[in-house]
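Chain and residue survey
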Amino acid sequence: MSASDPRRSPRLRETLDWPAFVAQDWDRRPVLFKGVAHGRPFALDEVFRSAVAAAARSRRRLPEEPDNTVLTLGRLQQLDPAPWMPRREDASLDGYRQRMLAALGERRYALVISAFHSYRWPLWRSERAFFAPLWREAGLPVTGAITTLFHGNYESTPVGVHRDRFATFMVPVQGRKRMRFWTRKPWREAISTLPDYRAHLHSSFLVEAEPGDVLYWPADYYHVGESVDGGVCTSVNLGVPRHEHRPVYELEDLMVDLGRADAQIDPAAQLLRAALPADLAVLAPARIGADGVLAEPLPPALRAALDSARAMAAPAALRTRVRAVSLQRLSAGGFEPPPARAPARAFAADARVALIDTVLRRREPGGWRFAAHGHGLRVDGEAAAERALLARLDPGAPVPVRELLRGRAGERRAAAALLAWLDECRALRRLRG
């Protein structure tokens, strides 16, 4: 392939002209957007706070829960990463970097945190707003985009050269970051990643980015990240699924109550376990008939799974689930799972509130479904008080809370419950006086 091939050099853009990008570059070639992202969508201090929140959850997780954080020293992943994770006492990413360099000396390190947008509301909202114009041009990611933090002075990405099923936008927030690309797989061996790629440097090309830049590359490029002169770099990557999507990725969302979205921190968590009964007998007589069919009664665990699957797959129930999933995903704006709902708070006597974003709603059999910022709520019946409250808030002007909670006792209770839910979803702006 000749050096003049446009796939071997990035297009340089100095504005975020999303319509032009989608029409000319999307899924075609790398693009380097210069100086378009200073402080957004990932402010340096907010990246640090989100990393600390991720580290705290990593320490609290149960043994069977997946860990979204990976810490490597050299190329060795640490089974106990806690001593090397960001802490509140570090005060900033600079403080964390200085602590790590002082402790490690010549050894290099890498911190990788997946589902990064799920840990703090300010980062999630900023990222959602930044990429909303892109979704209007290219379409909303069906299962949500992924967000991953990369930090450290690692010589190259620990996993090595690889290809994702995601188109990627890389946003450096501290230090310079170098990406090395290949337009096709540079090796012939039957392996999916290549940590030692020195023999294939001649067929690659490099792109460097710095804070303020956004670097995009399509999903079919093989790539690896490299440090620049051994310096520490921090970047956040947004991955947009483009191919190799499997129906199984949708199955849990269609079978597990999305009301548990505040607990869905990791997209790979086995939430189906929460929908099935626990402590069932694990031993049962194995009686198989001459026709090869398992005889009745079925083992308790198999019977429970079968009954649950039948109930969830009933046409009416499945239609309701599909509509609920669609509404909730649309309200998430392409970034799932959303941050957990905020703790409930009381409203001051003189409080006024206004909606931050539109609350999506849809009638469904026997009730109404509401969605805000990736969270869902089902209300049985006509939801008259709830819909009236949203009609008052929809124009966006601040409304005194006491005016929203007028009416008969039942209406006030229903309106107060919806108002509290909206506040927990961070869909309300509070004002005093």
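In the block above lies the structure referred to throughout.
Residues numbered from 1 in each chain as written. Predicted model: local features only at pLDDT ≥ 70, side-chain atom pairs only at ≥ 80, totals over all residues. Heavy atoms only, no water.

Some thoughts on helix α4 (residues 121-138)
Taking 1.5 Å of rise per residue, 18 residues should cover 26 Å, and α4 covers 25 Å from first to last C-alpha, within 8% of that figure. A bend of about 40° at Ala132 is the largest found in α4, and the proline Pro133 appears one to four places after it. Of the residues flanking the end of α4, it is Gly139, one or two places downstream, whose phi is positive at about 100°. (Helix = DSSP H or I, 4+ residues; strand = E, 2+ residues; numbered from the N terminus. Expected span 1.5 Å × (residues − 1). Bend = angle between axes of the 7 residues up to and from the residue.)

A word on the packing of helix α9 (residues 384-393) against helix α11 (residues 409-424)
Where α9 contacts α11, the axes come no closer than 8 Å and their chain directions differ by 55°. Taken together, the axes of α9 and α11 are oblique relative to one another. Between α9 and α11 the crossing geometry is right-handed. Contact residues: α9 offers Ala385, Glu386, Leu389, Leu390 and Leu393, while α11 offers Glu411, Ala414, Ala415, Leu418, Leu419 and Leu422. When its residues are assigned to classes, the contact of α9 with α11 shows nine nonpolar, no polar and two charged. (Axes fitted to C-alpha atoms, helices over the stretch in contact; angles between N-to-C directions. Parallel < 35°, antiparallel > 145°, perpendicular 65-115°, else oblique. Left-handed = near helix turned anticlockwise from the far one by under 90°. Contact = heavy atoms within 4.5 Å. Nonpolar A, V, L, I, M, F, W, Y, C, P; charged D, E, K, R; others polar.)

Quick look at the packing of aromatic side chains
Two aromatic rings, taken as a pair, are described by how far apart their centres are and by the angle between their planes. Counted by the stated rule, this structure contains 24 aromatic pairs. The interplanar angle of 20° and the centroid separation of 5.7 Å between the aromatic rings of Trp26 and Tyr216 together place this pair among those described as stacked. On the criterion of sequence distance, the pair formed by Trp26 in the loop between α1 (18-24) and β2 (31-33) and Tyr216 in strand β10 (residues 214-217) is long-range, its members being 190 residues apart. For the pair shown, Trp26 and Tyr216 are each scored as buried. Judged by centre distance (5.0 Å) and plane angle (40°), the ring pair of Phe169 and Tyr216 falls under tilted. With Phe169 in strand β7 (residues 166-174) and Tyr216 in strand β10, this residue pair connects regions lying 47 residues apart in the sequence. For Phe169, a relative accessible area of 0% gives the class buried. An aromatic cluster is defined as three or more aromatic residues linked by ring pairs; in this entry it consists of Trp18, Phe21, Trp26, Phe33, Phe130, Phe131, Trp135, Phe169, Tyr216 and Phe335. Looking at Arg430, its charged tip hangs above the ring of Phe347, at a distance of 4.1 Å from the centre. (Phe/Tyr/Trp six-rings, centres within 6.5 Å; stacked < 30°, edge-to-face > 60°. Buried < 20%, exposed > 50% of the residue type's maximum accessible area, 1.4 Å probe, protein only. Lys NZ or Arg CZ within 6 Å of the ring centre and 35° of its normal.)

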